[in-house]
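Per-entry structural report
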Amino acid sequence: MTDQYQAFAKSPIGKLVIKNLGLPSPTFLERFESVTPVVKGAVLLGAAPASTLSGAIAQILANIHANSYAGNNTELQQAAAQSGLNLNAFNDGDKESKFKAVIFDASGIQNSEQLHSLYAFFKPIARQIQASGRVIVVGITPETAKTVKQAIAQRALEGFVKSVGKEFKKGIAAQLVYVDDGAQANLESTLRFVLSSRSAYVSGQVIRVSQANTVEIDWAKPLAGKTAVVTGASRGIGEAIAHVLSRDGAHVICLDVPQQQADLDRVAAEIGGSTLAIDITAPDAGEKIKAAAVAQGGLDIIVHNAGITRDKTLANMKPELWDLVININLSAIERVNDYLLANDGLNSNGRIICVSSISGIAGNLGQTNYAASKAGVIGVVKFTAPLLKNGVTINAVAPGFIETQMTAAIPFAIREAGRRMNSMSQGGLPVDVAETIALFASSASTGLNGNVVRVCGQSLLGA
Ligand code: NAD
């Protein structure tokens, strides 16, 4: 689906019209091109006094060879020295330097008065962040704070980050990462993701990192030796997921209904994967998924992407449309998960990744069935996460407006509104959803469990 407005906005006449009428101006978003460099430009590092995560952050910046800067901050300089990070000096008040990413360690903030350190760090450099840049605030999970005052101050970070995401424009994305006590060692996959162009269409999100076993991985091929099943893989978002997981090293079993066999064969051939042509609502779907994966060494990753819409206002909705959507989008996922978890269907450190929707967060006219199913998917993640063992995790992505056949079918005016009502003023691409799924799929992401991350360009819906 082409975005003609975006093409128009890039033309000289389009730029003039957009400026004069105050219309939304979609910026070009940088997307993943190569594994290195993770950040294409300088990274500015800051920290509130007595912060505890700067060492872990500095270590990750050293690992990715980031060109890192910091102002006159002794604690940061010590953390950098211990991590082997070469920290360049940034002179406060220098208006010439530009940064591709700015990271602030807010873990030391103990009360609301100390939130001033956040303001004091970001205010002077607010205009010095480059297009497609990143603002990342790292805090401690409020629920694990030692005092109520600390919990309140840490919770306040969310409003700051979400406002920055809306204010900074130019394709700059802002994220908040909450780290549980003792989970510093689990931060790397998340920080690499939010720093890189893989997170182009993810903004205003909160990612929670908990303590878990750490695994050494090859960051260039984080899924090497893994077997993944992707449902609904013959087109759209599922096709992009299959490509990205394969790029990251996984053998991908592409699953879709038998009617999609030709496209399924095409996608599998493109990525050297295999196919499984079944309907996920079949009672034996879990068994067949397990059997197909066992033939490849066992299942490491299942991505529940297949989904449908059958939109009607509730007053006009036939019972079969209600049942069909709930069955494919929600009940089938529950049944497959139940089977896999009850029958040793997932290898240790396995991954279950669901595809929800912002419709499941915000609700949508004509989508009582779809929104119920997608809110239910968030329920699957929330209530399954605490039950999992052996390093198995479950997380979800909640896409906003993504350019696919599904959104091409939306009536023009609603489609245009959906495309523009976000901080990036454009729809996302299937690859944006796929990259976020790849974050959860990574063997290094055992500390991510129970997260729901929106891939919506910070859509106003349900924000
Ligand atoms: P799509 O219609 O292009 O692709 C969905 C795929 O799922 C199709 O190949 C279809 O054959 C397959 N499928 C449907 N029912 C199935 C079944 N019973 N068994 C096996 N396969 C089945 O849709 P898409 O836009 O790529 O969406 C993928 C997922 O993303 C869906 O879960 C959708 O709800 C979700 N989503 C999409 C958007 C968007 O903007 N496109 C937004 C939010 C959420």
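Every chain is numbered independently, its residues counted from 1 as its sequence is written. With pLDDT at 70 or above as the cut-off, local features in this predicted model cover only qualifying residues; side-chain atom pairs require 80 or more to be listed or tallied, and sums for whole chains, interfaces and linings still use all residues. With hydrogens and water excluded, all non-hydrogen atoms of the structure serve as input to the side-chain values.

1. Quick look at the domain arrangement of the protein
Domain delimitation follows an automatic or database domain assignment. Here the protein is described as being made up of domain 1 (31-209) and domain 2 (227-455). A C-alpha centroid distance of 30 Å is found between domain 1 and domain 2. Contacts between domain 1 and domain 2 engage 21 residues on the former and 26 residues on the latter. Using a 1.4 Å probe, buried area is obtained as the accessible area two parts lose upon being combined, added over both of them. The contact between domain 1 and domain 2 buries some 1900 Å² in all, and 57% of this surface belongs to carbon and sulfur atoms. Its largest share of buried area at the contact with domain 2, domain 1 owes to R31, R198 and Y201, together 36% of the area lost on that side. Any carboxyl oxygen of Asp or Glu within 4 Å of a side-chain nitrogen of Lys or Arg constitutes a salt bridge here. The interface formed by domain 1 and domain 2 contains 3 salt bridges. In this structure, D432 and R31 form a salt bridge, with 2.8 Å as the shortest nitrogen-oxygen distance. Any pair of N or O atoms that falls within 3.5 Å is considered a polar contact. Within protein, one atom must be able to donate a hydrogen and the other to accept it, and sequence-neighbouring residues count only if both atoms are side-chain atoms. Run the count over domain 1 and domain 2 and you get 7 residue pairs in polar contact (both at pLDDT 80 or more). A run of H or I in DSSP counts as a helix once it spans at least four residues, and a run of E counts as a strand once it spans at least two, with each numbered from the N terminus. Counting residues per element, the side of domain 1 that touches domain 2 draws most heavily on strand β7 (residues 205-209), at 5 residues. Polar here means any residue other than Ala, Val, Leu, Ile, Met, Phe, Trp, Tyr, Cys and Pro, which are nonpolar, and Asp, Glu, Lys and Arg, which are charged; Gly is therefore polar. When the residues that make up the side of domain 1 that touches domain 2 are grouped by side-chain class, the tally is 10 nonpolar, 7 polar and 4 charged. In this analysis, two residues are considered to be in contact whenever any of their non-hydrogen atoms come within 4.5 Å of each other.

2. Side note on the site of the ligand
Being near a molecule or strand, for a residue, comes down to having at least one heavy atom within 4 Å of it. By nearness alone, 29 residues border the ligand, and R235, D256, N305, Y370 and T404 come closest of all. Here an oxygen atom of the ligand and a side-chain polar atom of D256 are 2.6 Å apart. G400 is positioned with one of its backbone polar atoms (N or O) 3.2 Å from an oxygen atom of the ligand. Contributing elements (two or more residues each) for the shell around the ligand: α8 (236-247), β9 (251-256), α13 (368-384) and α14 (405-408). Of the residues assigned to the shell around the ligand, the class counts are 14 nonpolar, 11 polar and 4 charged.

3. A look at empty space enclosed by the protein
Within this scheme a cavity is a closed region of a 1 Å grid, computed over the protein atoms alone, that accommodates a 1.4 Å probe without allowing it to escape, whereas a pocket is open but has protein on both sides within 12 Å along at least five of seven lines; lining residues each have an atom within 4 Å of a point. Grid points are joined across faces, edges and corners, and a volume is the space filled by probe spheres set on the points. In this structure the tally under the stated criterion is 3 cavities of 30 Å³ or more. Roughly 360 Å³ of internal volume is contained in the largest cavity. Lining of the largest cavity is provided by 26 residues; of these, V38, R192, F193, S196 and R198 occupy positions nearest its centre. Looking at which element gives the most residues to the lining of the largest cavity, the answer is helix α7 (residues 188-195), with 4 residues.

4. Here's the deal with the pairing of strand β11 (residues 301-304)
Throughout, exposure labels follow a simple rule: accessible area from a 1.4 Å probe, protein chains only, divided by the maximum for the residue type, with under 20% read as buried, over 50% as exposed, and the rest as partly exposed. Judged by which residues are buried, β11 turns out to be covered on both faces: I301 and V303 on one side and I302 and H304 on the other are all buried. Paired strands, in this sense, are two strands between which DSSP finds at least two bridges. Note that strand β8 (residues 227-231) and β11 share 3 bridges and pair parallel. The partner of V230 across the bridge, within β11, is V303. Here β11 runs beside strand β12 (residues 351-355); their pairing, made up of 4 bridges, is parallel. Note that in β12 the partner of V303 across the bridge is I353. Orient the strands so they point away from the viewer; a crossover is then right-handed if the path from the first strand over the helix to the second runs clockwise. Following the chain from β11 across helix α11 (residues 319-342) to the adjacent parallel β12, one finds a crossover that is right-handed.

5. A look at the environment of L223
By the secondary structure assignment, L223 is in the loop between β7 and β8. Under the relative-accessibility criterion, L223 is labelled buried at 0%. In sequence terms L223 and D248 are 25 residues apart; their C-alpha atoms lie 5.3 Å from each other. When sequence neighbours within four positions are dropped, the list of residues in contact with L223 reads L245, D248, G249, A250, I301, A441, S442 and S443.

6. What about the pattern of salt bridges?
Counted according to the given criterion, the structure contains 19 salt bridges. As a salt-bridge pair, K40 and E33 come within 3.3 Å of each other at their nearest N and O atoms. On the basis of relative accessibility, which here comes to 39%, the residue K40 falls in the partly exposed class. Among the charged side chains, a network of salt bridges with common partners joins R198, R247, D248 and E435.

7. Points about unusual backbone geometry
Omega for the bond connecting T36 with P37 falls within 30 degrees of zero, at -5°, which places this linkage in the cis form. Within the element layout of this structure, P37 appears in the loop between α2 (12-21) and β1 (42-47). Although it is not a glycine, K170 sits at a positive phi angle of roughly 50°. With respect to the helices and strands, K170 occurs in the loop between α6 (148-167) and β6 (173-179). One non-glycine residue, S425, lies in the positive phi region at around 55°. Looking at where S425 falls in the secondary structure, it is placed in the loop between α15 (412-420) and α16 (430-441).

8. Considerations on the sheet that holds strand β4 (residues 99-105)
Read across the open sheet, the 7 strands follow the order β3-β2-β1-β4-β5-β6-β7; overall the sheet is parallel. The open sheet is flanked by β3 (87-89) and β7, the only strands paired with a single partner. Ignoring which end each strand starts from, the neighbouring axes of this sheet average 25° apart. Where β6 meets β7, 5 bridges bridge the pair, whose relative direction is parallel. When the sheet's bridge partners are listed, L176 is paired in β7 with V206. Between the N-to-C directions of two axes lies an angle of 0 to 180 degrees, each axis being a line fitted to C-alpha atoms and, for a helix, fitted only over the stretch in contact. Across the sheet, α6 lies against β5 (129-140), β6 and β7, angled at about 160° from β6, the strand it touches most. In the packing of α7 onto the sheet, contacts are made with β4, β5, β6 and β7, and the angle to β5 comes to roughly 155°.

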